[in-house]
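Here are the chains, one letter per residue:
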Amino acid sequence: MKRVLTALMVLAVCSALLILPGCRRRQPAPAAGPAPTAPTPAPTTAPSPAPTIEVQANPSTIERGQQTTLTWRSQNATSVVIDGGVGNVAETGSVVITPRESQTFTAVAKGPGGEATASTRVTVVAPKEAAITSTDIEALRQAIRDGRVKDIFFAYDKSELTAESRAVLEENAKWFRQFPSAVVVIEGHCDERGTEEYNLALGDRRALATKEYLVQLGVDPEQLETISFGEERPFVQGHDESAWAQNRRAHFTVK
Amino acid sequence: MTVPILLQLLVSALTVFSPQEPEIVIRPPITGVTRLAVADFQPKTTASPEADSALKVFNDVLWKDLAFSAFFEMRSKSFYPIKPIRVPTDVNFEDWQTPTVNADFLVFGNLIVSGSGAVVEAYLYDVKTRQQVLGKRFTAASTTLIRNVAHNFADEVVFQLSAGTSRGIAQTQIAFSSQKGDSKEIYIVDYDGANPRTVTANGGLNRFPEWSPDNSRLAFVTKLPGSSRWEIWLQDLAGGRKVIPTRSSYASSPAISPDGRRIAFSTRTQDAQDSDIYVADIEGGGMRNLTNHPAIDTSPCWSPTGQQIAFVSDRSGTPQIWVMDADGSNVRRLVTEGGHCDSPDWSPDGRLILYSWQAPTQWKHDVYVVEVATGKIYQLTVGGASNESPHWSPDGRHIVFQSTRSGSKQIFIMNADGKNVRQITAYGINESPAWSGYPRREQ
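Sequence positions are assigned chain by chain, starting from 1 and proceeding in written order. Both sets of labels track the order of writing: A upward for chains, 1 upward for ligands. At least 70 in pLDDT is required for a residue's local features to be given in this predicted model, at least 80 for side-chain atom pairs to be given and counted, and no such filter applies to totals for whole chains, interfaces and linings, which use all residues. Side-chain numbers here rest on the full set of heavy atoms in the structure, without hydrogens or water.

Caption draft 1: Structural context of the overall build of chain A. Tallying secondary structure elements over chain A gives 5 helices and 13 strands in all. Relative accessibility under 20% of the residue-type maximum defines a buried residue, over 50% an exposed one, and the middle range a partly exposed one, all with a 1.4 Å probe and only protein chains included. Across the 255 residues in chain A, those meeting the buried criterion constitute 40%. Put simply, of all contacts in chain A between residues at least 6 apart along the chain, 67% involve residues at least 24 apart. For the accessible areas, the method is Shrake-Rupley and the probe is 1.4 Å, while residue cover comes only from the protein chains on display. Accessible area for chain A stands at about 14000 Å²; split by element, carbon and sulfur atoms hold 57% of it. Each helix corresponds to a stretch of at least 4 residues labelled H or I by DSSP, and each strand to a stretch of at least 2 residues labelled E; elements are numbered beginning at the N terminus. The contact criterion used is simple: two residues touch if any of their non-hydrogen atoms lie within 4.5 Å.

Written as structure tokens, this is what we have:
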């Protein structure tokens with residue numbers, strides 16, 4: 001994993017270097033007319049410096065459904081606009097995007113000293129054929145066993161995701177996207193309070209809320225199944241909040 | 001600021017649910033004024049070990065059936081005449097009118113073992129008029145069927161002395177879900193817990209059984225081992241089954257309509273966020289969403305006429321009992337006390353709905369009944385255990401429910417006023433009981 005990250009970083013630096021020479025600068029047009037014969041008095045203010053802008057996407061090639069980060073930096077600009085649906089942005093910043101098709105993003109910086117543009121292209125490739133590979137299934141099962149794919153927990157009688165749950169799901173989504181041929185079963189579980197019938201419906205709602213967020217994070221909905229266990233399979237026995245809190249969860253298994 | 005409000009709420013909740021003063025009369029007093037004496041049945045000719053053991057079972061079952069029927073004041077055997085009664089000519093009616101016995105009606109009879117079976121002659125007499133009310137001869141092909149003879153005669157006595165109000169519950173059955181390791185299977189027992197038999201043995205999770213009105217089928221939900229999908233099964237008790245098609249991995253709480261032609265259940269479509277109540281015809285076709293509401297809707301039950309459906313919805317915040325017409329119109333909330341309600345079951349006379357309620361501050365449930373016309377509620381169980389999943393007997397005079405009062409979840413029956421509780425399962429974990437209808441009349 002570390003090696004992959006290092007490779008990505010190297011790629012990012014290289015692509016930034018490649019993009020930089022592509023930035024064009026427009027100098028203010030020289031004053032018309034013959035060159036003055038007599039020295040003119042020095043201007044009281046220096047001419048406004050020309051704006052500069054650079055923009056890059058990291059990674060610049062993604063599979064459909066994956067995310068990339070668009071980062072830009074400009075100087076001497078009073079406005080920066082990036083096309084492709086990004087819009088007006090600050091002088092310097094970044095945004096996470098999920099383009100469905102390959103797309104060139106052009107940033108235009110305008111200032112008193114003129115205008116500068118820069119572009120970067122994001123290449124979107126079709127996801128690899130989801131051939132069922134036992135290595136995907138085994139790898140994901142191992143990640144669940146090792147606790148790298150984590151369960152998420154819910155408040156009493158609630159199916160809303162907490163900020164903590166969202167963070168966990170963001171990490172889980174990376175695993176699920178990495179092994180797209182492994183079908184993930186999201187199990188919804190409840191504590192012993194409430195009746196069996198209601199808890200079966202509540203567990204279903206918890207599993208669905210979990211699935212919905214994973215799909216937002218780019219996991220293929222076809223890769224995700226949901227099943228409610230209601231209060232059928234408590235992870236911890238006991239009749240107090242410490243047990244109940246452990247039992248209100250979404251748990252992941254590989255089909 | 002909030003603390004006094006909470007306290008007020010608690011205090012008002014306590015007043016509403018104090019169990020000592022029934023707010024509604026469940027029905028005409030359950031312990032009737034009919035005083036019944038049931039003399040031990042006797043060997044018809046000479047005693048034999050076979051006859052004695054059959055009589056022991058018969059007398060025990062008959063007494064319990066009649067006592068639990070909730071129609072009679074059972075007169076204690078301690079004061080009965082010592083002379084055994086085999087046939088009507090043995091009866092001295094004055095003996096049964098003394099102040100200590102003081103019976104209105106007298107049951108007696110005899111048994112003879114013939115081959116591997118037995119013949120029972122059973123009588124019911126009016127003590128005051130000295131008239132015979134019932135005189136029946138039953139033939140059991142095997143002495144192991146002697147319980148059924150006792151049940152059969154008990155139901156005849158109840159039918160006669162209740163003026164047809166009840167056909168008796170002694171021959172009814174109870175289905176429930178029983179945990180075996182990681183699986184839950186459907187079982188059926190006689191109403192008194194005897195004679196258990198298996199309906200499913202698929203190693204999966206089989207839950208929430210409900211009877212068809214003719215007792216020939218059970219509807220329940222099944223998740224087979226290794227499957228990530230709940231299915232609604234219609235299991236024919238004579239063999240064969242049908243799976244009602246649903247559109248997602250969630251399906252729950254089926255209920256067959258009183259005419260046996262429709263089935264209501266909770267499910268959702270693939271793209272829906274929440275469960276709804278659906279109705280399909282009994283073959284599974286024509287599935288229609290009745291609630292269509294962004295909330296959990298589950299646990300449908302039919303009114304006895306099939307015109308209305310009570311169900312559970314958390315659209316008001318927590319799961320509560322709601323009622324709608326069977327076409328999904330005219331939706332209204334029936335119970336307004338907060339907390340968690342579930343498992344509604346409509347009484348056979350249509351007046352009352354049983355349900356379980358978990359108070360906002362509690363984790364255990366208790367069994368309540370609400371009068372449909374007025375919304376008045378009455379608590380039927382009390383104590384430290386959780387009491388859930390209530391279900392009416394077909395005569396509406398009894399209730400089956402699950403309770404943790406003996407430790408693990410077990411099945412109990414009681415009178416409709418919450419009295420006379422009797423445990424009918426003892427081993428493993430047993431839940432979600434459903435009482436069958438009356439047995440089909442065999443003519």
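Caption draft 2: Structural context of the pairing of strand β10 (residues 205-211) of chain B. Residues and elements named next belong to chain B. Of all 7 residues in β10, 6 are buried, a share of seventy percent or more. Bridging between β10 and strand β11 (residues 217-223) involves 5 bridges; their strand directions are antiparallel. Its bridge partner lying in β11, R207 is registered against V221. Counted along the chain from β10 to the antiparallel partner β11, the turn is 5 residues long, and its residue N215 has a positive phi close to 65 degrees. One bridge is not enough; two strands pair if DSSP finds at least two bridges between them.

Caption draft 3: Structural view of the sheet that holds strand β19 (residues 308-313) of chain B. Strand order in the open sheet formed by 4 strands is β18-β19-β20-β21 (chain B), with antiparallel pairing between adjacent strands. One side of each edge strand has no neighbouring strand; the edge strands of this open sheet are β18 (297-302) and β21 (332-333) of chain B.

Caption draft 4: How the structure looks around the pattern of salt bridges. Residue and element names in this part refer to chain B. A pairing counts as a salt bridge when a side-chain nitrogen of Lys or Arg comes within 4 Å of a carboxyl oxygen of Asp or Glu. All chains considered together, the criterion is met by 36 salt bridges over all chains. With its nearest N and O atoms 2.8 Å apart, the salt bridge here joins R137 to E121. Highlighted residues: R137 in strand β6 (residues 131-140) and E121 in strand β5 (residues 117-126), separated in sequence by 16 residues. Its relative accessible area of 59% is what places R137 among the exposed residues. A salt bridge links R315 to D297; its shortest N-O distance comes to 3.0 Å. Placement of R315 in the loop between β19 and β20 (320-325) and of D297 in strand β18 is noted, with a sequence separation of 18 residues between them. R315 gets classed as partly exposed once you look at its relative accessible area, which sits at 22%.

Caption draft 5: Representation of the interface of chain B and chain A within the structure. With 40 residues of chain B at the interface, the matching set in chain A holds 29 residues. When two parts are brought into contact, each loses some accessible area as probed by a 1.4 Å sphere; the total of that loss over both is the buried area. Carbon and sulfur atoms supply 52% of the area that chain B and chain A bury against each other, a total of about 2700 Å² over both sides. Looking only at chain B, the three residues that lose the most surface to chain A are S228, I296 and W363 of chain B, adding up to 21% of its buried area. Viewed at the interface, chain A and chain B are joined by 6 salt bridges. The closest approach of N and O atoms between K184 of chain B and E232 of chain A, which form a salt bridge, is 2.5 Å. Here a polar contact is recorded for every N or O atom pair within 3.5 Å, except that within protein the pair must consist of a potential hydrogen donor and a potential acceptor, and residues adjacent in sequence are included only if both atoms are side-chain atoms. On the surface where chain B and chain A come into contact, there are 18 residue pairs in polar contact (both at pLDDT 80 or more). Among the secondary structure elements, those contributing two or more residues to the side of chain B that touches chain A are β10, β14 (251-256), β18, β22 (340-346), β23 (352-358) and β26 (387-392) of chain B. In this count, Pro and Cys sit with the nonpolar residues alongside Ala, Val, Leu, Ile, Met, Phe, Trp and Tyr, while Asp, Glu, Lys and Arg are called charged and the others, Gly among them, polar. Taken together, the residues of the side of chain B that touches chain A sort by class into 10 nonpolar, 18 polar and 12 charged.

Caption draft 6: Main features of the packing of aromatic side chains. Residues and elements named next belong to chain B. Centre distance within 6.5 Å is the pairing criterion for rings of Phe, Tyr and Trp, where only the six-membered ring of Trp is used; planes under 30 degrees apart are then read as stacked, over 60 as edge-to-face, and the remainder as tilted. By the definition in use, this model includes 16 aromatic pairs over all chains. Geometrically, the ring pair formed by F71 and F72 is tilted, given 6.3 Å between the ring centres and 50 degrees between the ring planes. Note on F71: relative accessible area 11%, which makes it buried. Pairing F138 with F153 gives two aromatic rings, centres 6.1 Å apart and planes at 75 degrees, and the pair type is edge-to-face. One end of the pair, F138, is in strand β6; the other, F153, is in helix α3 (residues 146-161), and 15 residues separate them in sequence. Chaining the aromatic ring pairs together yields one cluster made of F41, F58, F138 and F153.

Caption draft 7: Quick look at the environment of D297 of chain B. Residues and elements named next belong to chain B. Taking the relative accessible area as the measure of exposure, D297 reaches 0% and is therefore buried. Sequence separation between D297 and R268 is 29 residues; the distance between their C-alpha atoms is 9.6 Å. Not counting residues up to four positions away in its chain, the partners in contact with D297 are S266, S275, D276, I277, T291, F311, V312, S313 and R315.

Caption draft 8: Region of interest: the packing of helix α3 (residues 163-178) of chain A against helix α4 (residues 196-216) of chain A. Residue and element names in this part refer to chain A. In contact at an axis separation of 9 Å, α3 and α4 are set at 65 degrees when each is read in the N-to-C sense. Crossing handedness for the pair α3 and α4: right-handed. Only T210, Y213 and L214 of α4 make contact with α3, whose side of the interface consists of R166, L169, E170, A173 and F176. Orientation is described by axes fitted as lines to C-alpha atoms, over the contacting stretch for helices, and by angles from 0 to 180 degrees between their N-to-C directions. Take the far helix as your reference; a near helix turned counterclockwise from it by less than a right angle gives a left-handed crossing, and one turned clockwise gives a right-handed crossing.

Caption draft 9: Region of the structure containing the sheet that holds strand β27 (residues 398-403) of chain B. Residue and element names in this part refer to chain B. The 4 strands are arranged β26-β27-β28-β29 in an open sheet whose pairing can be described as antiparallel. The open sheet terminates on both sides in strands that have one partner only, identified here as β26 and β29 (422-423). Pairing analysis gives 6 bridges linking β27 to strand β28 (residues 410-415), with the strands arranged antiparallel. In the sheet register, S403 faces β28, and the bridge partner there is Q410. Strand contacts of helix α2 (residues 49-68): β27, β28 and β29, with the helix running at about 60 degrees to β28, the strand carrying the most contacts.

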